[in-house]
Amino acid sequence: MGSGLISIAMTGINAAQTGLLTTSNNIANMSAEGYTRQRIVQASNPTVMTGAGGIGQGTHVVTVERMYNQALNKQVLSAQTSVSSLDTYYSQISQIDNMLADKDAGITPLMQQFFNGIQSVVSTPSLISSRQSMISAAQTMVTGFQSMYSRLDELESGVNSQISSTVESINSYTQEIAGLNQRIISASALNGQPANDLLDKRDELVSKLNELVKVTTTTDSNGSYNVFVGSGQQLVIGTRVTEMVALNSSADQSRIVVGLKGATGNVQELPESLVTGGKLGGLLSFRSEALDTAFNQLGLMATSLALTFNAQHDLGLDLDGNAPANDFFSISDPTVIGKSTNSGTLSATWVTPPPNNGTNFYTNVTASDYQLSYDGTNYTLKRLSDNQSWVDSSFANINTQAQTQGFSLSGAPASGDSFTIQPTKDIARLFSVNASIAANPKGIAAASAAGSTGAEDGSNALKLGNLQIQNTTSGGKATFQDNYAAFVNDIGNKTASAEISSEAQTALYNQAYSAKEAVSGVNRDEEAAKLIEYQQAYQASAKVLEIASSLFDTLLAL
């Protein structure tokens, strides 16, 4: 009897001691990042059957388990990656919003100064000083366009740099996760018990990875994680890692995109639509939804102003009574970027002069990029902003469609070729006042060619000034100011929406995290109560041991 009591008492002492150790470990790791609260799982030892019935043989600790809820953890990860994406998006787009919201440094006051300069020429067309003031105001305006382009270009360079550094961090985390998978498999195979600390470390790495890009996980029977991105592209399968790569896009070498490196070393570019969530998803969304638009809208302003102004300017006469020898503004042709595998050619030029509605010139140019592809039979021209497509077997017919968008195409695309056409993205960078006119203000065609009255005639300058209030953009439906205001409002709305969405998603994340912590987090009061509970269990088992020892001594004394 004494030996049985001693055995049972020892099992109770051992279980209580394990409980004390586990609780103490919880308290010690209360502030440790990624730590999951642990508890012991006890079970009764097999009973021994006697004539009097089954006699219990004490207890044993089955395992020390993590208080982990997979469903709650998935909710936290889902909210977390959205918060990270939205915060990144907002921090980037707010820079454009702040730039455009500056009423003193924006494009609007510079354009107003330029058109004020035109009015001076209208009033005194024969004065060189009036003409020089107009040119100075024009140069200040184009410098403003160039400056804004430079700031956007800095943002784009920053995005490219952040994409590359984020990809490096992603690869670092996936390597660590694969390494932990191996250690977890080995530890579990050794004694069949979960390696709680390693599991916590791996979950923490998945959480950090999820902040960079949205990932999903599955668990193999051996306890290892498989990690996927996008629509199921593999990042980690057990102990094997697929490296993510930041590379120059095959469609545009200046653009950094994301790809996955295969086992043979080949790299497959991932469509941006598959890379969502986290910092990386936020950067890509900002670039495609806001930054590209800002470049194109700024270029559209410069393009419409230059083309319509030049067209009207060309109808006048300079101070010497001659037709103008030069356009007033200089802009570059649309940019055409061929895919790296192309073998054919393609170039684009502006349709000049632009259309005239009987009152003024206007442009059909849009703030969109285009894609021209040729499959050997049909040419396809796609407007990327809304995916409007034109398909024809005749290049001439496709060019006719392109001209309705404000530009003309020439060249000889080969079968399988694909070209990206950027009509307006780089225009603001090269926007300038014609050097010849800047050097000789007499070259401004202020006079009308119809019944010219010579130096005192400013009727063509009046028509140039009227372009400010006429519908010169968006197919003759909006003024320069309307177009710019719509651009500013669009960025402002996107910024406000991102801020509101970020705040709402942060609230959801906090709720999900609190629910998770209620299960997995360490509660000081709860652990203190467990300490007392296990202390009392330990003392009670020790008392049983004391009684068993006394009874055993009594038996020996008989």
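Our structure's up above, just so we're on the same page.
The paragraphs below set out a description of the structure included in this document. Bear in mind the structure is a predicted one, so any value in this text is a computation, not a measurement.

Another aspect to go through is the overall build of the protein. In terms of regular secondary structure, the protein is built from 12 helices and 22 strands. In terms of overall size, the protein is more extended than a compact globule, its C-alpha atoms giving a radius of gyration of 37 Å where 558 residues would be expected to give roughly 24 Å. By its C-alpha atoms, the protein is 145 × 50 × 30 Å across when sized along the principal axes. Buried residues in the protein amount to 44% of all 558 residues. Taking the intrachain contacts of the protein between residues at least 6 apart in sequence as the baseline, contacts between residues at least 24 apart amount to 68%. Total accessible area on the protein stands at roughly 25,400 Å², and carbon and sulfur atoms take up 50% of it. One way to put it: in the protein the 30 positive side-chain charges average out to a point 5 Å from where the 47 negative ones average out.

Time to look at the packing of helix H3 (residues 107-123) against helix H10 (residues 459-466). Here H3 crosses H10 at 160°, and the two axes come no closer than 8 Å. In terms of their interaxial angle, H3 and H10 are classed as roughly antiparallel. Relative to H10, the crossing made by H3 is left-handed. The segment H3 lies against H10, with Phe115, Ile118, Gln119, Val121 and Val122 engaging Ala461, Leu462, Leu464 and Gly465. Residues that form the contact of H3 with H10 fall into these classes: 7 nonpolar, 2 polar and no charged.

As a further point, take unusual backbone geometry. Following Thr352, the chain continues to Pro353 via a peptide bond in cis, the omega torsion being -10°. If you check the backbone angles, Asn387 has positive phi at about 65° while not being a glycine. By the element assignment, Asn387 lies in the loop between strand S17 (379-383) and strand S18 (388-392). Given the relative accessible area of 52%, Asn387 is considered exposed. The phi angle at Ser474 is positive, at roughly 55°, despite the residue not being glycine.

Further remarks concern the packing of aromatic side chains. Applying the stated criterion across every chain, the model contains 17 aromatic pairs. When the centroid spacing of 5.2 Å and the interplanar angle of 90° are considered together, the rings of Phe145 and Phe431 count as edge-to-face. You can see Phe145 sitting in helix H4 (residues 128-191) and its partner Phe431 sitting in the loop between helix H8 (427-430) and strand S21 (432-433), a full 286 residues away along the chain. Taken as a pair, Phe145 and Phe431 share a single burial class, namely buried. One aromatic cluster is present, formed by Phe114, Phe115, Phe145, Phe309, Phe328, Phe329, Phe431 and Phe480 through successive ring pairs. Over the face of the ring belonging to Tyr68 we find Arg66, whose NZ or CZ atom lies 4.6 Å from the ring centre. In this structure, Arg202 is placed above the aromatic ring of Tyr225, and the distance from its NZ or CZ to the ring centre is 3.6 Å.

Another point: the sheet that holds strand S16 (residues 370-374). The sheet built from 5 strands is open, its strands ordered S14-S20-S16-S17-S18 with antiparallel pairing. Each edge of the open sheet is held by one strand with a lone partner, namely strand S14 (335-338) and S18. In this sheet, adjacent strand axes meet at a mean angle of 20° when their direction is disregarded. Both S16 and S17 contribute to a ladder of 5 bridges, which runs antiparallel. Opposite Tyr374, over in S17, you have Tyr379 as the bridge partner. Contacts between helix H7 (residues 395-403) and the sheet are confined to S16, S17 and S18, with S18 contributing the most and set at about 155° to the helix.

Oppositely charged side chains can form a pair if their charged atoms are brought close together. Counting across every chain of the model gives 13 salt bridges. Arg66 is the salt-bridge partner of Asp203, the closest N and O atoms lying 3.0 Å from each other. In this pair, Asp203 is assigned in helix H5 (residues 196-212) and Arg66 in strand S4 (residues 59-66), connecting sequence segments 137 residues apart. One exposure class covers both Asp203 and Arg66, and it is buried.

Taken together, the side chains of Phe552, Leu555, Leu556 and Leu558 define a hydrophobic patch exposed on the protein surface, amounting to about 480 Å² of accessible area. Relative to the helices and strands, Leu558 resides in the segment after helix H12 (524-557).

Conventions adopted
- Residues numbered from 1 in each chain as written.
- Predicted model: local features only at pLDDT ≥ 70, side-chain atom pairs only at ≥ 80, totals over all residues.
- Heavy atoms only, no water.
- Helix = DSSP H or I, 4+ residues; strand = E, 2+ residues; numbered from the N terminus.
- Rg over C-alpha atoms; globule rule 2.2 N^0.38 Å.
- Buried < 20%, exposed > 50% of the residue type's maximum accessible area, 1.4 Å probe, protein only.
- Contact = heavy atoms within 4.5 Å.
- Areas by Shrake-Rupley, 256 points an atom, 1.4 Å probe, with all protein chains shown as cover.
- Lys, Arg positive; Asp, Glu negative; His and termini not counted.
- Charge placed at Lys NZ, Arg CZ, Asp CG, Glu CD.
- Axes fitted to C-alpha atoms, helices over the stretch in contact; angles between N-to-C directions.
- Parallel < 35°, antiparallel > 145°, perpendicular 65-115°, else oblique.
- Left-handed = near helix turned anticlockwise from the far one by under 90°.
- Nonpolar A, V, L, I, M, F, W, Y, C, P; charged D, E, K, R; others polar.
- Phe/Tyr/Trp six-rings, centres within 6.5 Å; stacked < 30°, edge-to-face > 60°.
- Lys NZ or Arg CZ within 6 Å of the ring centre and 35° of its normal.
- Pairing = 2+ DSSP bridges.
- Salt bridge = Lys/Arg side-chain N within 4 Å of Asp/Glu carboxyl O.
- Patch = residues over 30% accessible without salt bridge, like charges linked within 9 Å, V, L, I, M, F, W, Y side chains within 5 Å.

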